[in-house]
Every structure is written in structure tokens, then in C-alpha cells.
Amino acid sequence: MQNALVVADDLTGAIDTGHGFAARGRGVRVRLRGERRDAPGQAVERDVLAVDTDSREAAPAVAAEAVTRAIDAYPADLVYKKVDSTLRGNVVSEVDAAVAATDADLAVVAPAFPATGRTTEDGTHFVDGAPLAEAGYGVDESDLPTFFAPSRYVVEHLSLDTVASGAEAIHDALSAFPGDQPVLAVCDATTDDHLAAVASGAAAVADEGGADDNQGNRDVLFVGSGGLAKHVAVPGEARPTTVGAVGRPKTLGVVGSTNERTLVQLAAIPDEFVVKLDPAAAARDPEETGQRGAVRLKRLFERSDRAVVTAATSVADVERARTVAGETGADAGERVATALAAAASGAVAASQPGGLVLTGGAVARAVLTELEAPELALTGRAVADGVPESVVARGPAQGMRVVTKAGGFGSERTILDCLDAV
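The subject of this paragraph is the overall build of the chain. Along the backbone of the chain there are 15 helices and 18 strands. For 422 residues, the compact-globule formula gives about 22 Å, and the C-alpha radius of gyration of the chain, at 21 Å, lands near that figure. Overall, the chain is about 70 × 50 × 35 Å in size when its C-alpha atoms are taken along their principal axes. Considering only residue pairs separated by 6 or more positions, the chain has 74% of its internal contacts joining residues 24 or more positions apart. Just so you have it, the chain exposes about 16500 Å², and 46% of that area is on carbon and sulfur atoms. Computed over 38 positive and 61 negative side-chain charges, the separation of the two mean positions in the chain equals 11 Å.

If you want it as C-alpha cells, here you go:
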């Protein structure tokens, strides 16, 4: 049994949320597939386990079932449902499924991640100061209570005034909600201190006794991004987990995100270190395109200690891949991810780099799957906020250092900084 379980809908989210616990000395492992139990005779009692259900792009009912299976597969004293800080994916259906699977009385929901520009004030969720619906993430609702209104459960709102008043005020507000049915308490937060107070106030509600008191003894589900995770206390004794990193010097970057910020970060990398796959060819024949990319990466590694592979350096590249994939009804993102993973796998086999820098959750998952790396051990270190470091814990690639970054944040130099760090 785990002390804590993190359930995320994509891999970079599972890793950066798990980092919030690892940075405080907890032993954290990340699994690529959340619904698969440990094999008979190989059950492991982990401190904190983060699992990726890979359900962001799934149908809502499929995503909900994936969450249920993950929670059933890995019982834990505390469950943290990770949601995207820009509320992409099947957020409401997955949170509802987590409430049901944990039999929680109260879900404390705080998706803010101030360190990466995500804040919530007066119920409105912002990205770098812009309301979420205007920030270009494909989410058309900025108001959190309205966003969660389709939930099967009662939705309540904790204002910034309440949150800023501290943990005791938050505890009192949460305790005042009726206890006859589950409640989703969506919380404002604009600073890390606010998130710390939310975590503390919610923990107090969960910890207090009084089974005969309708206002006490509640089972609490924590729901948030990587921001809230930094402040949620894990029950039980810490069980650190370590995996020795290999000492090989070369670093391979695989950039799959096509977010505008990622494209800016790619532009900052000198062309001599970048191998670009043809996006149309990747969408048409991903395996062949990836194999050709691997040959080019091998040649680059013969003269350099770093190499970066991508299939998109502009919005036009994205459209080219979509056009070609659309001709056969294929998914352009999946085809490109397959091509990048094939290129990375070939480069790892040929050049034996000691580290990986992976940008974009879908591509990170594709690369690690291709490398037969089902589990990562977090080190507790990070290149920057939201950019954690881990080590491959099992499989042929065991010991490789891995730095992961979601596409939607970071400065112009973030990918360069990751390459330097690894």
C-alpha cells in the first residue's frame, strides 16, 4: 500500500506533481500506466506513487474509468487527483470519478500554480494575467464554479478573502459545508502561501475527530496541479527511493510540444544541435522517418555532446502534419510522437546518451515506452519550477537521467537550461 497516490492524466503532469512531494524528502515513483497492478510476488510498498492514466485526450467516460482503475489498483492513505493548471482534458469527469473511487466527502480543488503564472481570483482562473478562456489553451470557461457546474456533486467556492485569512478560516469554511453529500470546494489562490493555507486547512478537516459530528471526520480528496502538491502533507513515514544515475555525458532532447512558448525555446537552440524531422513525412510514415532521424542524431552525437530532435519549429509545420494525417484519418500528434520516439530510441541505442530532456507529455510517454522504461524515480531536484529531474528506475534504460517539461511555460532559455543541467 502506498502512503500517497497521485493520479494524473498525462506524464509530465504526473512527474511535476510528484516532484512537489519528492522535493520534501518523500520517495516518489512515477508509473506510465496507472491501471496495471504490480505483478504477483512483485508488490511494492511505495511512499508516494504517481501514475499517468494517459487520459487527457480520451472520451470523458473512458477517462473516468481510467481514474477509477488507477485508484483501485494502488490503494493509498491519501489520494491527490492532479489536474492540468489550464484545465485541459476531462477535468470534471475525472474529478467526479476520483471522488467516487475514494468515497470522499470533500474534494478541495485548487488548480492554481502561481510559480508558472496560473492563479485564481474571485473564481476566475488566469494564465499570466489573462482569463483562461482568452489564453489560447482551448478552454472556453474561466470561472471555476461554472467550469465545475456539470459535476454530479455540489460545487462551493472559497473566496480569496477566506483563503488569504489562513488555514483556520479555510478549515471553518470547509467544515460549514453540509456533510450529507460530497462537495467540490473550488478555491481561489494567487500565491504559494495561499496554496499552503488551503492544504493545511483541508488537512485539519480530514484529521479532526468526531465521527458522531456531521461537521467532522471527513475524507478529503485533494485536487490540484503541481502548485498545491508542494504543500500537501503525506501520511506515514517517508521511504526515500534512490536509483543510481549512469555517468555517460551525452544528452538527447526530444521536443514534441507545439505550444508557442516551446517554439520560442526551440528557436533559442543553435541550429547545429537540432535535427528536424519532416512533419509531413512523420505523419505519413512515422517509423521510417524516425529511423532516418536516428541516423542524423548519431552523426550529430559523433561531434557533439548534445542533440535535439523535433518535428515542428513553426505553426506551419503543425499544419503540414495535420493535413497529411487528415488524408488517411490518422491522428497527427500520435504519428509525430511515434516518429520522434523512433528517432530517440535509435539514437539511444547507437550513441548511449546518459540523459534525456523531454518536452510535451505525449512525446515523453512515447519515448519512455519505446525505451521500455515503465517507471521513473524522482530525485527531488528540478531545473526550474515545473521542470523536475528523475532517473529511469527499471528496464534496459535504467539509470538514465530524465528532465521533463510541459510545453506551456518557461522562459526563452528553459530547454537550453535543461540541456545544460543534464
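Here the narrative resumes.
To continue, consider the pairing of strand S16 (residues 375–384). Looking at chain direction, strand S2 (residues 28–31) and S16 are connected through three bridges and run antiparallel. Note that in S16 the partner of Arg-29 across the bridge is Ala-377. Counted between consecutive antiparallel strands, the loop separating S16 from strand S17 (residues 387–392) contains two residues, among which Gly-386 sits at a positive phi close to 80°.

Next up on the list: the packing of aromatic side chains. Following the criterion strictly, the structure yields two aromatic pairs and no others. For the ring pair Phe-147 and Phe-148, a centre distance of 5.3 Å and an interplane angle of 70° mean the geometry is edge-to-face. Note on accessibility: Phe-147 and Phe-148 belong to one class, buried.

Note on pairing: side chains with opposite charge can pair once their charged atoms come close. One pass over the full model with this rule turns up 27 salt bridges. With a shortest N-O distance of 2.9 Å, Lys-298 and Glu-302 are connected by a salt bridge. Assessed through its relative accessible area of 35%, Lys-298 is described here as partly exposed. The salt bridge partner of Asp-420 is Arg-306, with a shortest N-O separation of 2.9 Å. On the criterion of sequence distance, the pair formed by Asp-420 in helix H15 (residues 414–421) and Arg-306 in strand S14 (residues 306–310) is long-range, its members being 114 residues apart. Taking relative accessible area as the criterion, Arg-306 reaches 17% and is therefore assigned buried. Connected through salt bridges with shared partners, the residues Asp-9, Asp-10, Arg-56, Asp-84 and Arg-88 form a single ionic network.

Our focus in this paragraph is the pairing of strand S11 (residues 220–224). The buried fraction of S11 is high, at five of five residues. Side chains of S11 alternate between two faces, with Val-220, Phe-222 and Gly-224 and Leu-221 and Val-223 buried alike. Sheet topology places strand S5 (residues 106–110) next to S11; five bridges connect them, and they run parallel. Each bridged residue has a counterpart across the sheet, and for Ala-110 the counterpart in S11 is Gly-224.

About the cut-offs
- Residues numbered from 1 in each chain as written.
- Predicted model: local features only at pLDDT ≥ 70, side-chain atom pairs only at ≥ 80, totals over all residues.
- Heavy atoms only, no water.
- Helix = DSSP H or I, 4+ residues; strand = E, 2+ residues; numbered from the N terminus.
- Rg over C-alpha atoms; globule rule 2.2 N^0.38 Å.
- Contact = heavy atoms within 4.5 Å.
- Areas by Shrake-Rupley, 256 points an atom, 1.4 Å probe, with all protein chains shown as cover.
- Lys, Arg positive; Asp, Glu negative; His and termini not counted.
- Charge placed at Lys NZ, Arg CZ, Asp CG, Glu CD.
- Pairing = 2+ DSSP bridges.
- Phe/Tyr/Trp six-rings, centres within 6.5 Å; stacked < 30°, edge-to-face > 60°.
- Buried < 20%, exposed > 50% of the residue type's maximum accessible area, 1.4 Å probe, protein only.
- Salt bridge = Lys/Arg side-chain N within 4 Å of Asp/Glu carboxyl O.

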